[in-house]
Protein chains: 4
Amino acid sequence: MDGRPANDPSPWMTFENRRRARDEKREAVLRTAVQLFLEQGYHRATLNEVAERLNITKPALYNYFRSKEDILFECWALGQEQVDGFIAAIDGSRQNGLGKLRALVHSYAETMATDFGASLVRFDPRDLSPSNAKTVRAAKRGIDQTFRRYITEGIADGSIKPCDPKMAAFAIAGSLNWIGHWYQRGGPLTPDAIADDFAERLTEGLATTTAGKRAAKKPSAPKTKKSAAKAPPQRKKK
Amino acid sequence: MDGRPANDPSPWMTFENRRRARDEKREAVLRTAVQLFLEQGYHRATLNEVAERLNITKPALYNYFRSKEDILFECWALGQEQVDGFIAAIDGSRQNGLGKLRALVHSYAETMATDFGASLVRFDPRDLSPSNAKTVRAAKRGIDQTFRRYITEGIADGSIKPCDPKMAAFAIAGSLNWIGHWYQRGGPLTPDAIADDFAERLTEGLATTTAGKRAAKKPSAPKTKKSAAKAPPQRKKK
Amino acid sequence: MDGRPANDPSPWMTFENRRRARDEKREAVLRTAVQLFLEQGYHRATLNEVAERLNITKPALYNYFRSKEDILFECWALGQEQVDGFIAAIDGSRQNGLGKLRALVHSYAETMATDFGASLVRFDPRDLSPSNAKTVRAAKRGIDQTFRRYITEGIADGSIKPCDPKMAAFAIAGSLNWIGHWYQRGGPLTPDAIADDFAERLTEGLATTTAGKRAAKKPSAPKTKKSAAKAPPQRKKK
Amino acid sequence: MDGRPANDPSPWMTFENRRRARDEKREAVLRTAVQLFLEQGYHRATLNEVAERLNITKPALYNYFRSKEDILFECWALGQEQVDGFIAAIDGSRQNGLGKLRALVHSYAETMATDFGASLVRFDPRDLSPSNAKTVRAAKRGIDQTFRRYITEGIADGSIKPCDPKMAAFAIAGSLNWIGHWYQRGGPLTPDAIADDFAERLTEGLATTTAGKRAAKKPSAPKTKKSAAKAPPQRKKK
DNA sequence: TATGAATGAGCCTTCATTCAT
DNA sequence: AATGAATGAAGGCTCATTCAT
């Protein structure tokens, strides 16, 4: 059960197990919280409800998080980790600008269909402490710049038609972020289908003619472990 | 001063004036409120702050609105009126589907750059009473359907390439709604420029080749008074 | 009733009355609070109890004070005002050092027998905000220095035997502050009797022989209005 | 190491050692707690902080004490033991009333400069359980009566001028207790110097003329072991 | 003996809303 | 129409204490 022989009295493993159990509970709190926050909105959701869904009591949450805001921020951070992960992977891949952009759109679209991904665009940074809000805003800026960067690259390498990277990025990001608002699990569209559709749709207008005739189907991030991200978002450990 | 002779003691005109003054104050409240709600978010903004900015006291607000939520809803309603207005105008115009879609995108983009317009996408319907929330959701559905309708029309009349109207509408609406989140008055981009750019950008991928070569610059709604809207959103009068 | 003719429609007086009523309520809160804080201690006393004793509800207190700590500080400030008042009066009086010291002891002893006076020594400055705590500590230092100053004056003018002003001040102030801890209203000793006794007792050891044979009985502050204080303690108005 | 041969397997000694170790830890807790309570005040100090300073965890404290209040009471008890000790010693000494009073003042002043001594006057009996509070109040009364008793003795044996023992005791005790509030370790005054000063200062006013001319310098309690106290304060064993 | 985790009780504070004037 | 005052409802957070391990 614990993955170690029963006769192994190593207190270290016990310690390890404890830490693991703790981390699992922490994550359970975050999963519950992000759902509730998305369902009801951060302000309407109470810590009591979060605790109730976890069958614990409110103060127990404070064993894992410093405050309600801390929980909010950590939810966001988990989503941001995903984004950082696939951006790092795409950055490390060998593709022209258009290819990277398509990969980005695809991965981003998929992420928007997850709870933590949606939290990236549905949570309000103004609910965060100044320090955390700063972190969030910096990350948002980073994502925007990644979009622009790929577009600029594409223009440079000829895979993307000359255009204004800033506006193009806004338009694409808007479409993608919107997914976080309308996507419902259990609907007729799977995240993957949405991602495929958007990857094509949002880039076809930018592609130079030849590049537009795409043969390959899956422009997702090249096979890389999600964990291959560069740097997770900075956050204070409790 | 009031547009009537000072010696006219007509109580009826006085009454009329009273009503007008009242309406002006109501609007002033809404303008202040929508700004504050956008600035700080609905929950962080307090009625005290709204009142303070108007140099009145909190209870005075209750002379014009039944509740904080009422104010929120009315803000939304003003934005929705704008949308209803230009949709009615476009509906009444003689254009092919692509033309209507472009006109819609243009007007919608412009609206997103206004306070009341932004409130359409930045306010959370869950902050409204069930009844008002229903109204809002119906209106949102209406807008979505308008997008799909124009696209369908365009496909039928050959101005738009065959595609999935639902996904196309989502993509376009997402880009547009996103404007409400990033547009800042005083930035380098004017609402009109944004609207022009988006009208072109978001439809070029859909246009059939010939239709894509657009000559005319301004595809905005044919000269119609904004107030020519058909039906203002249903709402309870106080 | 209002001290003005009934036919006087002056809204200003109404305003004045309002303000007076408000101030009276504020004071009532402070009187209730200081009693409760002395009875039970600041931490054990809840705002609910304060409100209950006033037959109002807890949030009503927030119309008059910003926080529980604010109430605590204002209680202290009222006591400090008394002290500032009689110190100013004694400072302005024509007496030798011993006379001033006796007057100070007498007035201080009397003050210690009042609620607001006792709050000066029974409230804990660490319960105050840093800013308010600073004010309190400065005031405490001021009182100490007044004791030392009178003693030094007395030594200079020959009315007090040469001694260490610092230790003498500590000894005297300690005896006086202690009153705030043991004095109970309704006991066998009246504040005035205590004040007389301490004024004599705490100074006889210091007096030079001739000055020790005091004839006059009442060494209290020369007839001055209590309100003739110089500067009330600085505090933020709500 | 433990004062017994290493090859002695006597479980009883082990038991004895355990008890000793336990007592040492208990005392360490009390020393840490009394400091923290004095530093921050009983209510602001948390058991977590106490535990942290001891490099243990909060629940570990419950191995030695039943509750936070229990710790508070035991701190007080240690201080009271000191007082009981020197009072017993003085009681057993051969001196006139004035001598005893001076000895008492001296020892009490010294005690006030210790942490446990200061706790006697800086801790609030209302933070204790009714039962413990009763014990404390009885002890306080006992100290007061000791002061009065020595004064009365002194009057009887002619070493002290006729006066009101009650008020004299209040005045003296107040000065002494105040030491607990202003004395800071590391200041310019040593506890011994303070004790000397106060022993002289607080009694010179009471001494009959001849007795006032004191020759001996150190009026402290006749050489007796501190532990020679009669009875430690009654308290419930865990 | 010591710990991580959990809990129950309680309190301050905020704010939309109402009411008497 | 407007205000000062008051209220009810609610939520976040703290902390002493307990319990299983």
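As a reminder, the structure under discussion sits directly above these lines.
Owing to the predicted nature of the structure, the values given are computational and were not obtained by experimental measurement.

S.K.: Any details on the pattern of salt bridges? Residues and values, ideally.
M.R.: With the rule as written, the count across this model stands at 48 salt bridges over all chains. The closest approach of N and O atoms between Arg44(A) and Asp127(B), which form a salt bridge, is 1.9 Å. Separated into two different chains, Arg44(A) in the loop between helix H1 (11-40) and helix H2 (47-53) and Asp127(B) in the loop between helix H6 (115-122) and helix H7 (130-157) make up a pair that spans both. The partner of Asp197(D) in a salt bridge is Arg201(D), and the shortest N-O contact between them spans 2.8 Å. In this pair, Asp197(D) and Arg201(D) both sit in helix H9 (residues 191-204), four residues apart, roughly one turn of the helix. Owing to a relative accessible area of 23%, Asp197(D) belongs among the partly exposed residues under this scheme. Look at Arg201(D) and you get buried, because its relative accessible area is 16%. Ionic contacts of the salt-bridge type, sharing partners, join the residues Arg44(A), Asp124(B), Arg126(B) and Asp127(B) into one network.

S.K.: If you had to explain the environment of Ala173(C) to someone new, which residues and values would you point to?
M.R.: Turning to its location among the elements, Ala173(C) is positioned in helix H8 (residues 165-182). Ala173(C) gets classed as buried once you look at its relative accessible area, which sits at 10%. Considering only alpha carbons, one finds Ala173(C) and Ile143(C), 30 residues apart in sequence, at a separation of 9.1 Å. Here Ala173(C) is in contact with Phe147(C) and Trp178(D), once residues within four sequence places are set aside.

S.K.: Describe the interface of chain B and chain A, with residues and values.
M.R.: On the chain A side, the residues contacting the 32 residues of chain B number 32 residues. Here chain B meets chain A over a buried area of about 2,500 Å², counting both sides, of which 58% is carbon and sulfur. At the junction of chain B and chain A, the tally comes to four salt bridges. Here Arg44(B) and Asp124(A) are joined by a salt bridge, their closest N and O atoms 3.2 Å apart. Applying the counting criterion to the chain B and chain A interface returns 12 residue pairs in polar contact (both at pLDDT 80 or more). When residues of the side of chain B that touches chain A are assigned to their parent elements, the largest contribution, 12 residues, is made by helix H8 (residues 165-182) of chain B.

S.K.: Before we move on, could you go through the packing of helix H4 (residues 68-91) of chain B against helix H5 (residues 97-112) of chain B and cite the residues and values that matter?
M.R.: Residues and elements named next belong to chain B. Axis separation between H4 and H5 bottoms out at 10 Å; the angle between their running directions is 160°. Taken together, the axis directions place H4 and H5 in an arrangement best described as roughly antiparallel. Note on packing geometry: the crossing formed by H4 with H5 is right-handed. Contact residues: Gln 82, Val 83, Phe 86, Ile 87, Ile 90 and Asp 91 in H4; Lys 100, Ala 103, Leu 104, Ser 107, Tyr 108 and Thr 111 in H5.

What counts and how
Residues numbered from 1 in each chain as written. Chains lettered and ligands numbered in written order. Predicted model: local features only at pLDDT ≥ 70, side-chain atom pairs only at ≥ 80, totals over all residues. Heavy atoms only, no water. Salt bridge = Lys/Arg side-chain N within 4 Å of Asp/Glu carboxyl O. Helix = DSSP H or I, 4+ residues; strand = E, 2+ residues; numbered from the N terminus. Buried < 20%, exposed > 50% of the residue type's maximum accessible area, 1.4 Å probe, protein only. Contact = heavy atoms within 4.5 Å. Buried area = accessible area lost by both parts, 1.4 Å probe. Polar contact = N/O pair within 3.5 Å; in protein donor to acceptor, adjacent residues only side chain to side chain. Axes fitted to C-alpha atoms, helices over the stretch in contact; angles between N-to-C directions. Parallel < 35°, antiparallel > 145°, perpendicular 65-115°, else oblique. Left-handed = near helix turned anticlockwise from the far one by under 90°.

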